[in-house]
Amino acid sequence: MNGAASGALLSVRDLAVTFDTYGRTAQVLDGVSLDVPARRHVALVGESGCGKSVTMRAIMGLLREPPARVTAGEIIFEGHDLLRLKPRARMGLCGTAMSMVFQDPMTSLNPVFTIGDQMRAILAHADRRLGRRRSRAERHARIIAVLGQVRMPDPERIARAWPIMLSGGMRQRVLIAMALLNEPRLLIADEPGTALDVTTQAQILRLLRELVQARGLALLMITHNLGVVREAADYVHVMYAGAVVEAAPAAALFAAPRHPYTRALLDCVPMLSGGGRFRGIDGAPPDYTSPPPGCRFAPRCAAAMPRCRTAPPAFPVGPDHRAACWLVEAA
Ligand code: SF4
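## Side note on the domain arrangement of the protein chain
Now for step 1: Taken domain by domain, the protein chain comprises domain 1 (10–97 + 184–330) and domain 2 (107–183).
Now for step 2: For domain 1 and domain 2, the distance between their C-alpha centres works out to 29 Å.
Now for step 3: On the side of domain 2, 16 residues touch domain 1, which itself brings 20 residues to the contact.
Now for step 4: Note on domain 1 versus domain 2: buried area summed over both sides is about 1,500 Å², and carbon and sulfur give 65% of it.
Now for step 5: Linking domain 1 to domain 2 there are one salt bridge.
Now for step 6: The residue E210 makes a salt bridge to R151 at a minimum N-O spacing of 2.8 Å.
Now for step 7: Here domain 1 and domain 2 share two residue pairs in polar contact (both at pLDDT 80 or more) between them.

Next comes the structure, spelled out in structure tokens:
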């Protein structure tokens, strides 16, 4: 899957983001590239702090600038480079053609407004941006329809409820409904259901997958859970320390991971057949204000060579299964 050549709905190219903090600059994203084709499900996976959420926020235009700064790259959505659009035009796409399912159902809703009021505000905002005329009754009908589609029992009652009256699973369904309100073509889901118990999380993920498939939407799912990736993704990008280090179709990645970091991540998944034992990854991600000059994974990589510590391996362009590693390049 290679960018514009593949006809991707969303194509991120060499995205770099820094954060200015206490007189120092942290290079939090360092050349992130990824593609999301229409109607495909793509996962962005990596451990906490690797830059997944910053990537998603940069795509949605939700980075707080300052302290963040996008210093390089392109974010092409349906042929428009979002980074070069006027703010009004960009806002016209985000929340409508592309929208997001937020991570934490307990804090992402405003506690002082009913669910219906919050959904009405989203619709009204989008209608204004798109120059769409819709009556209050039409907006209400749309809200009730979408609450029904996320399988909320008694949508009329839910629309009148305040967030505190709903369980965590119901709030997560409301967040999904909010993301679907304006019929997006791309849905970005940030760790969906991670704040919930495992049974409810499984139900939420199944619902999300069904809704996305039924509508033919593209899905970019951000997660650290490889079990979720294995079940739900067609294609996977693995991130480490601010860059994509491996990209592959999901089946190929799980069958034969090429990057040492991906292999280490997979070793962290407990397998019942192995007596439930699993290994961690020794060491910690680098300090983003002074990352190592070569491969950022070198200090934790058992296969590191002298060259790894001085020159960063490039992320190759072209083939479907790619890894940024000198070992792979030499193979
Ligand atoms: Fe390990 Fe070197 Fe490959 Fe980096 S480039 S992952 S240090 S072998």
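## A few points about the sheet that holds strand β1 (residues 10–21)
Now for step 1: If you trace the four strands from one edge of the open sheet to the other, you get β2-β1-β4-β5, paired in antiparallel fashion. Bordering the open sheet on either side are β2 (24–36) and β5 (80–81), each of which pairs with just one other strand.
Now for step 2: Here strand β4 (residues 68–77) runs beside β5; their pairing, made up of two bridges, is antiparallel. Opposite F77, over in β5, you have H80 as the bridge partner.

## Comments concerning the packing of aromatic side chains
Now for step 1: Evaluated as defined, the whole model comprises three aromatic pairs.
Now for step 2: Considering the side-chain rings of Y240 and Y261, the 4.6 Å spacing of their centres and the 50° angle between planes classify their relative orientation as tilted. Here Y261 lies in helix α10 (residues 260–267) and Y240 lies in strand β9 (residues 235–240), a separation of 21 residues in the sequence. Comparing Y240 with Y261, the two get one shared label, buried.
Now for step 3: Judged by centre distance (5.0 Å) and plane angle (80°), the ring pair of Y240 and F297 falls under edge-to-face. In this pair, Y240 is assigned in strand β9 and F297 in the loop between α10 and β11 (322–323), connecting sequence segments 57 residues apart.
Now for step 4: Relative accessible area serves as the criterion here: at 2%, Y240 is assigned to the buried category.

## Overview of the site of the ligand
Now for step 1: Around the ligand sit 13 residues, and of these C295, C301, C308, C325 and W326 come closest.
Now for step 2: The pocket occupied by the ligand, as judged from atoms lying within 2 Å of grid points, is the largest cavity.
Now for step 3: In terms of residue class, the shell around the ligand is made up of twelve nonpolar, one polar and no charged.

## Quick look at the packing of helix α3 (residues 115–130) against helix α4 (residues 136–149)
Now for step 1: Taken N-terminus to C-terminus, the directions of α3 and α4 make an angle of 120°; their axes are 10 Å apart at the nearest point. One finds that α3 runs oblique with respect to α4. Helix-helix and strand crossings are classified by hand; for α3 and α4 the assignment is right-handed. Contacts between α3 and α4 involve G116, M119, R120, L123, A124 and D127 on the former and, on the latter, R136, R139, H140, R142, I143 and L147.
Now for step 2: In the contact of α3 with α4, the residues fall into five nonpolar, two polar and five charged.

## Things to note about α4
Now for step 1: With 14 residues, α4 should cover 20 Å at 1.5 Å per step; its first-to-last C-alpha distance of 20 Å lies within 8% of that length.
Now for step 2: Those residues of α4 lying buried are R139, R142, I143, I144, V146 and L147.
Now for step 3: Residues of α4 that are buried make contact with α3, α5 (155–160) and α6 (168–180).
Now for step 4: One or two steps after α4, the chain reaches R151, where phi turns positive at roughly 65°.

## A few points about the pattern of salt bridges
Now for step 1: Following the criterion strictly, the structure yields 14 salt bridges and no others.
Now for step 2: When the shortest N-O distance is used, the salt bridge between R69 and D20 registers 3.1 Å. Here R69, found in strand β4, pairs with D20, found in strand β1; they are 49 residues apart in sequence, far enough to count as distant.
Now for step 3: For D30, the salt bridge goes to R296, with nearest N and O atoms at 3.7 Å. A residue pair is termed long-range when its members are at least 10 positions apart, and D30 in strand β2 and R296 in the loop between α10 and β11 qualify at 266 residues.
Now for step 4: Taking relative accessible area as the criterion, D30 reaches 40% and is therefore assigned partly exposed.
Now for step 5: The exposure class assigned to R296 is buried, which follows from its relative accessible area of 12%.

Rules and cut-offs
Residues numbered from 1 in each chain as written. Predicted model: local features only at pLDDT ≥ 70, side-chain atom pairs only at ≥ 80, totals over all residues. Heavy atoms only, no water. Domains from an automatic or database assignment. Contact = heavy atoms within 4.5 Å. Buried area = accessible area lost by both parts, 1.4 Å probe. Salt bridge = Lys/Arg side-chain N within 4 Å of Asp/Glu carboxyl O. Polar contact = N/O pair within 3.5 Å; in protein donor to acceptor, adjacent residues only side chain to side chain. Pairing = 2+ DSSP bridges. Helix = DSSP H or I, 4+ residues; strand = E, 2+ residues; numbered from the N terminus. Phe/Tyr/Trp six-rings, centres within 6.5 Å; stacked < 30°, edge-to-face > 60°. Buried < 20%, exposed > 50% of the residue type's maximum accessible area, 1.4 Å probe, protein only. Near = heavy atom within 4 Å. 1 Å grid on protein atoms, 1.4 Å probe; cavity = no way out; pocket = protein on both sides within 12 Å on 5 of 7 lines; lining within 4 Å. Sits in = over half its atoms within 2 Å of the grid points. Nonpolar A, V, L, I, M, F, W, Y, C, P; charged D, E, K, R; others polar. Axes fitted to C-alpha atoms, helices over the stretch in contact; angles between N-to-C directions. Parallel < 35°, antiparallel > 145°, perpendicular 65-115°, else oblique. Left-handed = near helix turned anticlockwise from the far one by under 90°. Expected span 1.5 Å × (residues − 1).

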